[in-house]
Amino acid sequence: MLRYMNCLLFILALTLGLVVGCTDRGTNVTDEPVSNAGILTIGHDFYDELKLQIGRNVGGQRVLFQMRGYSPEEAIPPIQGGQPKLVPLLILLAPQDGDEWYFFNHGLKQLADELVTEGSIQPMEILCIPNDRVFGGYFYAGHSAPAGYYDYFIGGSLIDYLHDTYPFLTDSLPVGIGGAGMGSYGAFRAALMHKGVFTSISATDGPLDFDGPDGNSGLMELFDDALIEQGLLGGTTDPPDSTWQCDSLEVDPLEDTICVESTLVINYPPSWTENFDSAGVWHLSRLFIGGALAFSPHDTLVDTTGVIRIKFQGTDHEELQVVIPDSQRFVLSDSTTLITNIIKLNQFNFDFHLPFDSTGNPYWPIWSMWLNNNLEKMILNDPSPGSQLRGVKMWFGTSPEFEFANYRQQTLSWIDCLRHSALDQSQIQVKEYTGYPGNPATNNQYLYDIMRDMLIFHSKCFEQQ
Amino acid sequence: MGFARFSAILVAAVTMLSSGVSASGFENSGIGTRARGMAGAFRATASDWTAAYYNPAGYAYADDNQLGGNMALVHLRHELIPNYRWGGQFETGVFNGRTDYNTHDIVSLPSAGFIVRLPVWGETVFGLSAYQPFDYNITWQLYKPLKAYNEGATVPVNQYQNNLDVVAFQLTAAREFVEGQLSLGVGLQVLRGDLVFNNILFRDNPLKDESTDPAIWSRPLDKITEFNHNDGDGWGFGLTAGTLWKVNEKLNLAATLRIPFDLTISGSSTSKFYMPNDSTLWYNHDSAAVRNEGTIGQLFLSGNTVTDHADFETVLKVPPSIGVGLSFAANEKLTIALDAEYTFWSHFDGFDFTYTNHYGLSGSADTSVSARSFFTADLSYPVDWENAGKVMLGVSYDCSDFLTLLAGGSLDQSPAREAKQFTPMFVDTGDKLGLNTGFMVHIQRWDLGIVTSYLHQPDLSVEAPNTFGQEEDFVLFPGDYKAATYETILSFNYRF
């Protein structure tokens, strides 16, 4: 009997082993919810701010300022009727040469969908602002006609327009701003000039401290690089052409014609300012051209007496507009670093002053105009330094591998400045990142990855409001 | 009887307490319920048709003609929590951070053979058998393209698959050279190899060399996803030999040798390249080389799937091995056996696929030299294994003329002792412990058996090196691995 019991137990154990060893553990691939979020196209001409911006309204057409927005499902009016939910607003500014698709091209929609779906961020409208395409951008700065009046636009009329136009946005909900590269500067500039508008700022490496940590680096170290780009360092390096011109001829006794009086004629090559090319594709040159048009423009050639004829897009309606009131013109009599051969566009013509001379040294009368727009100066000029950003949460994504335009150095310098500006240290978060071998983070190659942290940061800030 | 019980308890205790492992690499764990029930410790006791696998010399002691077969049902129950991130931090689309199982599949491994005693060269026993000395079959679904890469791309579910079979058709001959004491056996094999090998590869985006605009090859467009599928077969030869020495009535000693020759596997291949999908990026791009239809730039942002078909050839270097064994008949009911085997896994060096006769490419994928070079590149899956040993201990206990109980354990050294090339294609996480148990019933001329086997493997954590992210790194798959194998073997043997 005992033997049969043992055999039975043995067989039962075998059977149990078989069952355990054969069960299906199921699939590890889960169905992901479908997102009904959309991409919103926002076109508005912001005519007062941008009417004379270079390249805009060319041909007398009022060209819309095109923006794209990520609209979460909650912000879309329900099909069955009713009102959409109110959502907070995040404004993202593209870097140099980036358009309104820039962040979408780095996966913004898919990332936002994923984060909203998994609950990592709250639904929010994310509006992407393009940088200028002609020279790559004007630092989202200036109160000058050629660059556009971004100072009034980004933190002012833009937000007013959005709140007035879109029912899912309201001034009772917080607004965040962020940017990449030049857009990082634009985000901080807008926050400094529009105190209390933005509750959070995110930034990747960008031109955040023009003269660097020691007052002699940052963009200053790039002056000669910009000239080298165009082969203009040291001014004109080509030797002058010199020839003797005969002024008087005589015939000698051997009946040969000889010159008895001559003059040395020297033909000097064009100066470096004449050779400076505003039509090229050099990134550094374009960076300084864009900045010069924002910070040190020269618009003496603008026809202020005339009018331009503006035709509304898609209609036959036309309006006559005064070009630039004298009160808004920038005229500098100093021509040392004046670049006059800018691309001419119809009757508009804007020159600009570069902040450096032919040797790559700063030309202080102009460079000081740039420094007046340095964030450090802007924050310190306030009667209560740092008060413009008090209560504003800030997030930085910075990489030691970032190479372009000393952006990394400038970013760290700006962070250091903020930390010494009587701000609450908990307001500032810094994420350091590096790429992987073979694909270093020399520019914004990893924006897709750090944008995740940016969005989560803003969402948490919105929740705390 | 007391000695028998003591021996049985001793063997069981040794088996249970042993640490280590069963079949390493892609070697089959063995065939036949009697042998498998004794954990493969069968070289010195082999006397049925499965001796063709364990020790051909055992045929010489088969008293009857035999016809037998068995079916092994194998279930690989592995788990993987991937950590497949470039530089250890950047998402790739692999299902990182969650537990993934290999695709549920109970693999059947049939084998069969017969023995006849013929009056040739004295009295020689011949046998013909078919079995799988090498087998591996695993499939994983571990990847889905990041939405920001290509939201609409559908990658096959059998994206990581290694179905490798080597079937041996073996003619065996054995005879006694010293009657009742020494026998020799030789098996000549015709080997048939079948291989289905799928993999996901992340190739460096060639636009990086074509354009200075980083936007078109920035994360997550920095790598192009390739699904590579190879399906082929080939033939080869092998040799196995053994000797069995009956030292006395209780003790047997045995030695074996297996030499499989390399197999050339050829067949057809399909590679699907899933292009990043970013229409606004190429449509609005400043450069005509990116913006215009039919350019490489447009192709690599189009979201299309580029398919390349080709013929392939690769060499499967299956490892030779040597083994020794002893068996001790403690009494007329209890037999204890101990075997050791050493397999030269360093001979196997993975797969180098050479592709020829490409077809299926069109447009710029075909006409552009750089694109065509990218799509038609040969692929290599190197493996750097070391030789490995295995020890098996088994007992059989004849309860009665009707019932035989079997038990055994094995310790198996892993050939993959460094994790630097570890992938889900060969899950060999370390030294393994095998526990086997089963029974056979004897009904007249029939022997029917069932054995179940559990193979425990240690957990393995494969770290991503700091440099992880370069194209050649697709041979490494970082993550946390857990592995276990369950196997059930059913058999019959008819004596006539």
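Residues numbered from 1 in each chain as written. Chains lettered and ligands numbered in written order. Predicted model: local features only at pLDDT ≥ 70, side-chain atom pairs only at ≥ 80, totals over all residues.

Structural notes on the overall build of chain A
Right, on to step 1. The helix and strand inventory of chain A stands at 13 helices and 15 strands.
Right, on to step 2. Across the 465 residues of chain A, 43% fall into the buried class.
Right, on to step 3. A separation threshold of at least 6 residues defines the contact pool for chain A, and within that pool the share at least 24 residues apart is 72%. (Helix = DSSP H or I, 4+ residues; strand = E, 2+ residues; numbered from the N terminus. Buried ≥ 20, exposed ≤ 12 C-beta atoms within 10 Å, placed from the backbone. Contact = placed C-beta atoms within 7 Å.)

Comments concerning the overall build of chain B
Right, on to step 1. The helix and strand inventory of chain B stands at 10 helices and 22 strands.
Right, on to step 2. Projecting the C-alpha coordinates of chain B onto the three principal axes gives extents of approximately 90 × 45 × 35 Å.
Right, on to step 3. Of all 496 residues assigned to chain B, the portion counted as buried reaches 53%.

With respect to the pairing of strand β3 (residues 89-93) of chain A
Residues and elements named next belong to chain A.
Right, on to step 1. Burial analysis of β3 places 5 of its 5 residues in the buried class, which makes it a mostly covered element.
Right, on to step 2. Residue alternation in β3 divides its side chains into two sets, L89, I91 and L93 and L90 and L92, and both sets are buried.
Right, on to step 3. Alignment of β3 against strand β4 (residues 125-129), held across 5 bridges, turns out to be parallel. Each bridged residue has a counterpart across the sheet, and for L93 the counterpart in β4 is I129.
Right, on to step 4. By the bridge criterion, 5 bridges tie β3 to strand β5 (residues 175-179) in an arrangement that is parallel. (Pairing = 2+ DSSP bridges.)

Topic: the packing of helix α4 (residues 108-117) of chain A against helix α13 (residues 447-464) of chain A
Residue and element names in this part refer to chain A.
Right, on to step 1. Packing of α4 against α13 leaves a shortest axis separation of 10 Å and a crossing angle of 45°. When the axis of α4 is compared with that of α13, the two are oblique. The two elements α4 and α13 meet at a crossing, and its hand is right-handed. Here L108, L111, A112 and L115 of α4 lie close against α13, whose contacting residues are Y448, M451, R452, L455 and I456. (Axes fitted to C-alpha atoms, helices over the stretch in contact; angles between N-to-C directions. Parallel < 35°, antiparallel > 145°, perpendicular 65-115°, else oblique. Left-handed = near helix turned anticlockwise from the far one by under 90°.)

Quick look at the confidence of the model for chain A
Right, on to step 1. Scored by pLDDT, chain A comes out at a mean of 84, with 83% of its residues at no less than 70.
Right, on to step 2. Low confidence marks residues 300-307 of chain A, where pLDDT is under 50. Its contacts with residues over four positions away, or in another chain, come to 19 contacts. (pLDDT = per-residue confidence, 0-100.)

Digging into the environment of T335 of chain B
All names here are of chain B.
Right, on to step 1. As for its placement among the helices and strands, T335 is situated in strand β13 (residues 334-343).
Right, on to step 2. Taking the C-alpha atoms as reference, T335 lies 5.3 Å from S396; in sequence the two are 61 residues apart.
Right, on to step 3. The residues touching T335, leaving out its near neighbours within four places in the chain, are T45, S327, A329, V395 and S396.

Examining the sheet that holds strand β3 (residues 100-101) of chain B
All names here are of chain B.
Right, on to step 1. The strand order β3-β2-β21-β20 describes an open sheet built from 4 strands, whose pairing is antiparallel. The open sheet is flanked by β3 and β20 (460-462), the only strands paired with a single partner.
Right, on to step 2. The pairing of strand β2 (residues 79-82) with β3 spans 2 bridges and is classified as antiparallel. Among the inter-strand pairings, E79 is bridged to a residue of β3, identified as Y101.

Structural notes on the sheet that holds strand β9 (residues 297-298) of chain A
Residues and elements named next belong to chain A.
Right, on to step 1. Reading across the sheet, the 3 strands line up as β9-β13-β12 and stay open at both edges, with antiparallel pairing between neighbours. The strands lining the two open edges of the sheet, one partner per strand, are β9 and β12 (338-339).
Right, on to step 2. Alignment of β9 against strand β13 (residues 351-353), held across 2 bridges, turns out to be antiparallel. From the neighbouring strand, P297 faces β13, where its bridge partner is F352.
Right, on to step 3. Its contacts with the sheet put helix α9 (residues 283-295) on β9 and β13, and the angle it makes with β13 is roughly 95°.

Some details on the packing of helix α5 (residues 150-165) of chain A against helix α6 (residues 182-193) of chain A
All names here are of chain A.
Right, on to step 1. At a closest axis distance of 9 Å, the pairing of α5 and α6 adopts a crossing angle of 80°. It follows that α5 is roughly perpendicular to α6 by the angle criterion. Contact residues: α5 offers D151, I154 and G155, while α6 offers G186, A190 and M193.

Re the nonpolar core
Soluble globular proteins tend to bury their nonpolar side chains together.
Right, on to step 1. One finds L92, I126, C128, F188, A191, I201 and L293 of chain A to be the most contacted residues of the largest nonpolar core, which totals 131 residues.
Right, on to step 2. Residue contributions to this core peak at 9 residues, all from α13 of chain A.
Right, on to step 3. Structurally, this core is a two-domain feature, drawing no fewer than three residues from each of domain 1 (38-220 + 373-464) and domain 2 (225-232 + 278-353) of chain A.
Right, on to step 4. With residues near it in sequence (within four places) discarded, A191 of chain A still touches I177, F198, I201, Q388, L389 and V392 of chain A.
Right, on to step 5. Among the nonpolar cores identified, the runner-up in size contains 89 residues, and Y84, A168, A254 and L338 of chain B belong to it. (Core = buried A, V, L, I, M, F, W, Y, C linked by C-beta atoms within 7 Å. Domains from an automatic or database assignment.)

Re unusual backbone geometry
Right, on to step 1. Cis geometry is found at the peptide bond from R219 of chain B to P220 of chain B, where omega equals 0°.
Right, on to step 2. With respect to the helices and strands, the residue P220 of chain B is situated in the loop between α5 (207-210) and β8 (223-246).
Right, on to step 3. Backbone geometry at F46 of chain A places phi at a positive 40°, although glycine is not the residue there.
Right, on to step 4. Considering the arrangement of structural elements, one finds F46 of chain A in the loop between β1 (38-44) and α2 (47-50).
Right, on to step 5. Even without being a glycine, F139 of chain A presents a positive backbone phi close to 60°.
Right, on to step 6. Relative to the elements of secondary structure, F139 of chain A occurs in the loop between β4 and α5.

Notes on the interface of chain A and chain B
Right, on to step 1. Taken together, the contacts link 33 residues of chain A with 37 residues of chain B.
Right, on to step 2. For the side of chain A that touches chain B, the secondary-structure elements that each account for two or more residues are α1 (2-22), α3 (102-105), α4 and α13 of chain A.
Right, on to step 3. Its residues assigned to classes, the side of chain A that touches chain B comprises 14 nonpolar, 13 polar and 6 charged. (Nonpolar A, V, L, I, M, F, W, Y, C, P; charged D, E, K, R; others polar.)

Observations regarding helix α10 (residues 364-371) of chain A
Residue and element names in this part refer to chain A.
Right, on to step 1. Of the residues making up α10, those classed as buried are I366, W367 and W370. Buried residues of α10, seen end-on, are gathered within an arc of 95° and therefore sit on one face of the element.
Right, on to step 2. Buried residues in α10 make contact with α9 and β13. (Arc of directions from axis to C-beta.)

Points about the environment of L418 of chain A
Residues and elements named next belong to chain A.
Right, on to step 1. Looking at the element boundaries, L418 is found in helix α12 (residues 407-419).
Right, on to step 2. Note on L418: 22 C-beta atoms within 10 Å, which makes it buried.
Right, on to step 3. Expressed as a C-alpha distance, the spacing of L418 and G386, which sit 32 residues apart in the sequence, is 7.6 Å.
Right, on to step 4. If near-sequence neighbours (up to four positions away) are discounted, L418 is found in contact with M394, L423 and I428.

Quick word on α13 of chain A
Right, on to step 1. For α13 of chain A, spanning 18 residues, the distance from its first C-alpha to its last is 25 Å, which sits close to the expected 26 Å at 1.5 Å a residue.
Right, on to step 2. Of the residues making up α13 of chain A, those classed as buried are L447, Y448, D449, I450, M451, M454, L455, F457, H458, S459, C461 and F462 of chain A. (Expected span 1.5 Å × (residues − 1).)

Description of the domain arrangement of chain A
Right, on to step 1. Domain annotation for chain A reports domain 1 (38-220 + 373-464), domain 2 (225-232 + 278-353) and domain 3 (241-270).
Right, on to step 2. Once you take the C-alpha centre of each, domain 1 of chain A and domain 3 of chain A turn out to be 66 Å apart.

Points about the pairing of strand β14 (residues 350-359) of chain B
All names here are of chain B.
Right, on to step 1. Two elements, strand β11 (residues 305-316) and β14, share 4 bridges in a ladder whose sense is antiparallel. Across the sheet, the residue bridging to H309 is Y359, located in β14.
Right, on to step 2. As defined by bridge partners, β14 adjoins strand β15 (residues 379-382) across 4 bridges and the pair is classed as antiparallel. Residue G350 lies in a different strand from β15, and its bridge partner there is P382.

Quick notes on the confidence of the model for chain B
All names here are of chain B.
Right, on to step 1. When pLDDT is averaged along chain B, the result is 90, and 95% of the positions lie at 70 or above.
Right, on to step 2. Throughout residues 6-22 the model reports pLDDT below 50, and contacts reaching past four residues in sequence, or to other chains, amount to 41 contacts.
Right, on to step 3. This complex was scored by the predictor with a pTM of 0.87 and an ipTM of 0.82.

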